[in-house]
Amino acid sequence: MKLLLDRIDEPGLNTLPVYERRGGYQSLRKALETTPEEVLSNIMDAGVRGRGGAGFPMGRKISFLPHGDMDKYLVCNADESEPGTFKDREIMQKNPHLLIEGIVIASYAAGISRTFIYIRGEYAMQADILEAAIAEAVEAGYIGERILGSDHSMSLVLHRGAGAYICGEETGLLDSLEGKRGNPRLKPPFPAIEGLYHGPTLINNVETLATVPAIIRMGGKEYAELGTETSTGTKVVSVSGDVQRPGNYEIELGIPSRELIYDLAGGPLPGREIKFWFPGGSSSPVLTKDDLDIPYDFDSMAKAGSMLGSGAVIVVDDSHTVLEVALKVAKFYAHESCGKCVPCREGTNWTVKMLQRIESGEATPMDLDIMASVQEQIIGNCLCVLGDAMAMPIGSMVAKFRDELEAEIAAARERAEGAELDDVIPIGVADEHAGPFPVH
Amino acid sequence: MSATGRRPVPRFGHGSRVPGWDDAVDLTKAPATVPDPALTPVLPGLKETIEAAMAKYPDRRSAAIPALHAAQEVYGWCSPEAIDQVASVMQLTPAYLTSVATFYDMFSTVPKPRNDVYVCTNISCSLLGADEFFEAMLAAAEGDPDVDVRSFECLGACDIAPMASVNGEYVGPLDLDDAERIVEDLRLGRPVLEHKQLRYRRSADPEVAEEETDFGPPDRDETPMTDTAGLGPEGDTEDRPGPTAAIEMTTDQPADHPEPEAPTDQDRHPAGTTREEADDEGPGQEDDTE
């Protein structure tokens, strides 16, 4: 069942005539013939959960918006910057009108008249394509005053970012859209109550909004029959890393992960074996090759101690060390931490330093305990989840690959400091002064 | 803990272990105020662009990023002069705009070369050799005053890993030889690595592909670019898809579920080193390029 990637390679699909020929904007017409409440109840029935990472049901998010005549805003989060994720890129590049139609319908359901798309600055081509598509939609009367003769009016502005991972976090995105540095805000108040320009704001991911036309076309209840009971519908999954056919695959939620990684993406390279994989972008705790039969849906992933996140599977095969991947992850988050909250700013940097100590042969197995405790103390202690996004995968790597990391520590020490071994604390012996900060 | 045998703690010039400020700051100077529009000449065109951007938002400050994009496009970087002009049009302090410009990776507050090459070195790309490509790219661009090579956060194109964004154009999967070609294409003002551009790539999902749709680069009839990215300058006889060759993706995705051709090790590890070689280095050695 392809709802989002349906014949997406058709030439000219990014233009209005082709999109309309394929039945585009019929869902919008259908929605505008009913009341906003009916549209919302369809979205509620569909049970579609946010595709950006948190997996919060879209219908409930809309229902949190206060009613009344104040300025409300809808922001489409197209800052897709979670490492490993590239699904929104393909949708925006090849089928931009699907997203625009979804935004218009969602704005109707939520009674919103000002909408924005915040697209990451690196997506230059996609921004140009969207800009052209928006112009076409305005010209054709799908965006503007009294759309298609109804009472609904709305505007849509495309806003280009300028390169910052943290702007994919919803409150950081709002600050960035207001023209500030993209620092996350304290929650509550949640954006649904006080968001962009202090107005109630609905923020949804590209894929979530692009699903809306299909929900209206099929009807919410029928859409809900796809997937599992709590993870309804289809999901575009980005598979990358050590697989034979990396790319975006649209699946019904709940299929075994093995089917996704082996049947669709071709499995690991010949002669290689999967060592571990990130099920939902680089912020998700890693799973090993024993977890390949877990169904790929929100709840099964959560039960397995990880998360579906943005639906980005990164496969790592046995030719890579855990340390190498952990260092890559930690360095990325240390660079991207905005610096506002101490646990994240310091925790990410110290984690990088501790991993580098392992690499240079200065670490002891006790560093792994310290590292694990640093990760624990980051989680839940910051304004946003950037720190958690590093702490969760690193914590899971330390827990699941402790043996390998300990062997790494021993090997690196022998390699690096053969002459000075006497000065290093023997493995397993704790030192009374040892703490997270080495005493020099 | 015994102090013997420990390496000395590195300290910076001012005696501290903390690096300190990036730039020298004159604390005696009065803070800059909002520039007077009457005294700040703004480049023609730039003013109109910024004003049009401000008109799109309920709050004019929202146009800060679009305005800085526009100014950087004109000046090549966010120079103090450019920031002053933006500040005068937007009626904000230069300090505010500097604070915004320094937050985002795509703005530069120091002069930079004209062409941006962002090499993605995040997880998916580095698993497939992005770090080696980054080194090759640095080497290829060395001495070229017009090319700025940076390693960048995940650019959202892990399907073509390892990849790079050249002036906003995504290209991949790259092998080490492509570094030289990117520099050469930039020097000659040609489209960069056209047969590897993301815009011509089909969807990977086997049930999605349209049969026999034309999804390749545009016709090369009027622009013969025989040497673009296809074959190396001299005596390169290796069989690579040239710019006029059809993009060879159809083998991967016929309409029904295909049995894919197993890629050779060379295909999968374009960065030149095979996995076996990497393994021989022993654990922990892979990262020593950093």
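Conventions adopted
- Residues numbered from 1 in each chain as written.
- Chains lettered and ligands numbered in written order.
- Predicted model: local features only at pLDDT ≥ 70, side-chain atom pairs only at ≥ 80, totals over all residues.
- Helix = DSSP H or I, 4+ residues; strand = E, 2+ residues; numbered from the N terminus.
- Buried ≥ 20, exposed ≤ 12 C-beta atoms within 10 Å, placed from the backbone.
- Contact = placed C-beta atoms within 7 Å.
- Domains from an automatic or database assignment.
- Core = buried A, V, L, I, M, F, W, Y, C linked by C-beta atoms within 7 Å.
- Pairing = 2+ DSSP bridges.
- Axes fitted to C-alpha atoms, helices over the stretch in contact; angles between N-to-C directions.
- pLDDT = per-residue confidence, 0-100.
- Parallel < 35°, antiparallel > 145°, perpendicular 65-115°, else oblique.
- Nonpolar A, V, L, I, M, F, W, Y, C, P; charged D, E, K, R; others polar.
- Arc of directions from axis to C-beta.
- Expected span 1.5 Å × (residues − 1).
- Left-handed = near helix turned anticlockwise from the far one by under 90°.
- Right-handed = clockwise from strand over helix to strand, strands pointing away.

S.K.: Before we go on, may I ask you to explain the overall build of chain B in this structure?
M.R.: The secondary structure content of chain B amounts to nine helices and four strands. Secondary structure of chain B in N-to-C order comes out as α-α-α-α-β-α-α-β-β-β-α-α-α. Expressed as a percentage of the 290 residues in chain B, the buried residues total 38%. Considering only contacts within chain B whose residues lie at least 6 apart along the sequence, 61% involve residues at least 24 apart.

S.K.: Help me understand the domain arrangement of chain A, please; the structure alone is not making it clear to me.
M.R.: Buried accessible area, meaning the area lost when the parts come together, often serves as the stated size of an interface. All names here are of chain A. With domains assigned, chain A is organised as domain 1 (16–224), domain 2 (234–317) and domain 3 (322–423). Computed from C-alpha atoms alone, the centre-to-centre distance between domain 1 and domain 3 is 37 Å. At the junction of the two partners, domain 1 supplies 11 residues and domain 3 supplies seven residues.

S.K.: What is the right way to read unusual backbone geometry from this model?
M.R.: Trans is the common state for peptide bonds, and a negative phi is the common state for residues other than glycine. The omega torsion of the bond from Lys187 of chain A to Pro188 of chain A falls at -10 degrees, within 30 degrees of zero and hence cis. Locating Pro188 of chain A in the fold gives a position in the loop between helix 8 (170–177) and strand 4 (201–205). Here the bond from Ala161 of chain B into Pro162 of chain B is cis, since omega is -5 degrees, no more than 30 degrees from zero. Its location among the elements puts Pro162 of chain B in the loop between strand 2 (147–152) and strand 3 (164–166). Of note, the phi angle at Arg7 of chain A is positive, near 45 degrees, even though the residue is not glycine. Looking at where Arg7 of chain A falls in the secondary structure, it is placed in the segment before helix 1 (16–21). The class of Arg7 of chain A is partly exposed, set by 16 C-beta atoms lying within 10 Å. In this structure, Tyr25 of chain A takes a positive phi of about 65 degrees despite not being glycine.

S.K.: Would you explain the nonpolar core in this entry?
M.R.: Side chains of nonpolar character tend, in soluble globular proteins, to be buried together. Within the largest apolar cluster, 194 residues are counted, with the highest numbers of intra-cluster contacts made by Leu68, Val86, Val119 and Met163 of chain B. Those residues within four positions of Val86 of chain B in sequence are excluded, and the remaining contacts are Ile50, Ala67, Leu68, Ala71 and Leu97 of chain B.

S.K.: Just to check I follow, could you spell out the sheet that holds strand 1 (residues 73–78) of chain A for this structure?
M.R.: Strand-to-strand pairing in sheets goes through backbone hydrogen bonds, with the strands running parallel or antiparallel. Residue and element names in this part refer to chain A. Taken in spatial order, the four strands line up as 3-2-1-4 in an open sheet, and their pairing is parallel. The open sheet has two edge strands, strand 3 (155–160) and strand 4, and neither has a second partner. Each strand of the sheet is rotated relative to its neighbour by a mean of 20 degrees, with strand direction disregarded. Summarising the sheet, strand 1 and strand 4 pair through five bridges and their orientation is parallel.

S.K.: What is the right way to look at the confidence of the model for chain A in this model?
M.R.: Close inspection of predicted coordinates is inappropriate for parts of the model with low pLDDT. For chain A, per-residue confidence averages 92 on the pLDDT scale, and 95% of positions sit at 70 or higher. Throughout residues 428–440 of chain A the model reports pLDDT below 50, and contacts reaching past four residues in sequence, or to other chains, amount to 13 contacts.

S.K.: For this particular structure, what's the right way to read the packing of helix 2 (residues 64–75) of chain B against helix 4 (residues 94–103) of chain B?
M.R.: Residue and element names in this part refer to chain B. Relative orientation of the contacting elements helix 2 and helix 4 amounts to 80 degrees, with a least axis distance of 11 Å. Between helix 2 and helix 4, the angle falls in the class roughly perpendicular. Only Leu97, Val100 and Ala101 of helix 4 make contact with helix 2, whose side of the interface consists of Ala64, Ile65 and Leu68. Partitioned by chemical class, the residues of the contact of helix 2 with helix 4 number six nonpolar, no polar and no charged.

S.K.: For this particular structure, what's the right way to read helix 3 (residues 36–46) of chain A?
M.R.: Counting along an α-helix, one turn takes 3.6 residues, and residues three or four places apart therefore face a common direction. All names here are of chain A. By the burial criterion, the buried members of helix 3 are Val39, Leu40, Asn42, Ile43 and Ala46. All buried residues of helix 3 lie within an arc of 155 degrees about the axis, which places them on one face of the element. Phi turns positive one or two residues past the end of helix 3, at Gly47, with a value near 65 degrees.

S.K.: Explanation requested: the sheet that holds strand 5 (residues 234–241) of chain A in the structure shown.
M.R.: All names here are of chain A. The strand order across the open sheet formed by five strands is 6-5-9-7-8, and the pairing between neighbours is mixed. Each of the sheet's edge strands pairs with one partner strand only, and the pair in question is strand 6 (247–252) and strand 8 (287–288). In terms of strand pairing, strand 5 meets strand 9 (residues 312–317) through four bridges, oriented parallel. Its bridge partner lying in strand 9, Ser240 is registered against Ile314.

S.K.: How should I be thinking about the environment of Ser396 of chain A in this particular structure?
M.R.: Residues and elements named next belong to chain A. Examined against the element boundaries, Ser396 turns out to sit in helix 16 (residues 386–400). Among the residues examined, Ser396 registers 22 C-beta atoms within 10 Å and is labelled buried. Separated by 12 residues in the primary sequence, Ser396 and Cys384 place their C-alpha atoms 20 Å from one another.

S.K.: Where do I start with helix 15 (residues 365–378) of chain A in this structure?
M.R.: Residues and elements named next belong to chain A. Under the 1.5 Å per step criterion, the end-to-end length of helix 15 is 21 Å for 14 residues, consistent within 8% with the ideal 20 Å. Those residues of helix 15 lying buried are Asp367, Met371, Val374, Gln375 and Ile378. Along the axis of helix 15, the buried residues cluster in a sector spanning 100 degrees; they form a single face. Helix 15 presents Ser373 and Glu376 as exposed residues on the side facing more than 90 degrees away from its buried surface. Positioned one or two residues after helix 15, Gly380 has a phi angle of 80 degrees, which is positive.

S.K.: Sorry, what's going on with the confidence of the model for chain B here?
M.R.: Residues and elements named next belong to chain B. Of all residues in chain B, 69% have pLDDT values of 70 or greater, and the mean over the chain is 77. Here residues 221–290 scores under 50 on pLDDT; set against residues more than four positions off or in separate chains, the count is 92 contacts. The ipTM for the predicted assembly is 0.89, set against a pTM of 0.84.

S.K.: How should I be thinking about the packing of helix 1 (residues 46–55) of chain B against helix 3 (residues 80–90) of chain B in this particular structure?
M.R.: Angle between the axes and distance between the axes are the two parameters that describe a pair of packed helices. Residue and element names in this part refer to chain B. Remark: helix 1 packs on helix 3, axes separated minimally by 10 Å, with the N-to-C direction vectors making an angle of 50 degrees. If you check the angle between helix 1 and helix 3, you find them oblique. Once helix 1 is placed against helix 3, the crossing between them reads as right-handed. Residues Leu46, Lys47, Ile50, Glu51 and Met54 of helix 1 form the contact with helix 3, whose participating residues are Gln85, Val86, Val89 and Met90. Classifying every residue of the contact of helix 1 with helix 3 gives six nonpolar, one polar and two charged.

S.K.: What exactly am I supposed to notice about the pairing of strand 3 of chain A here?
M.R.: All names here are of chain A. Two elements, strand 2 (residues 114–119) and strand 3, share six bridges in a ladder whose sense is parallel. Pairing of Ile117 across the sheet is with Leu158, part of strand 3. Traced from strand 2 through helix 7 (residues 124–139) to strand 3, the parallel crossover comes out right-handed.

S.K.: Help me out: how do you make sense of the pairing of strand 6 of chain A in this one?
M.R.: Residues and elements named next belong to chain A. Within strand 6, five of the six residues are buried, which leaves the element mostly enclosed by the surrounding structure. Both strand 5 and strand 6 contribute to a ladder of six bridges, which runs antiparallel. Directly across from Lys235, in strand 6, lies its bridge partner Ile251. What sits between strand 5 and strand 6 in their antiparallel hairpin is a turn of five residues.

S.K.: When you look at the environment of Val117 of chain B in this model, what are you seeing that I'm missing?
M.R.: Residues and elements named next belong to chain B. Position of Val117 among the secondary structure elements: in strand 1 (residues 115–120). By the C-beta count within 10 Å, which is 26 here, Val117 ends up buried. Between the alpha carbons of Val117 and Cys158 there is a distance of 17 Å; along the sequence they are 41 residues apart. If sequence neighbours within four positions are ignored, Val117 has contacts with Met137, Ala141, Val147, Asp148, Val149, Ala164, Val166 and Ile182.

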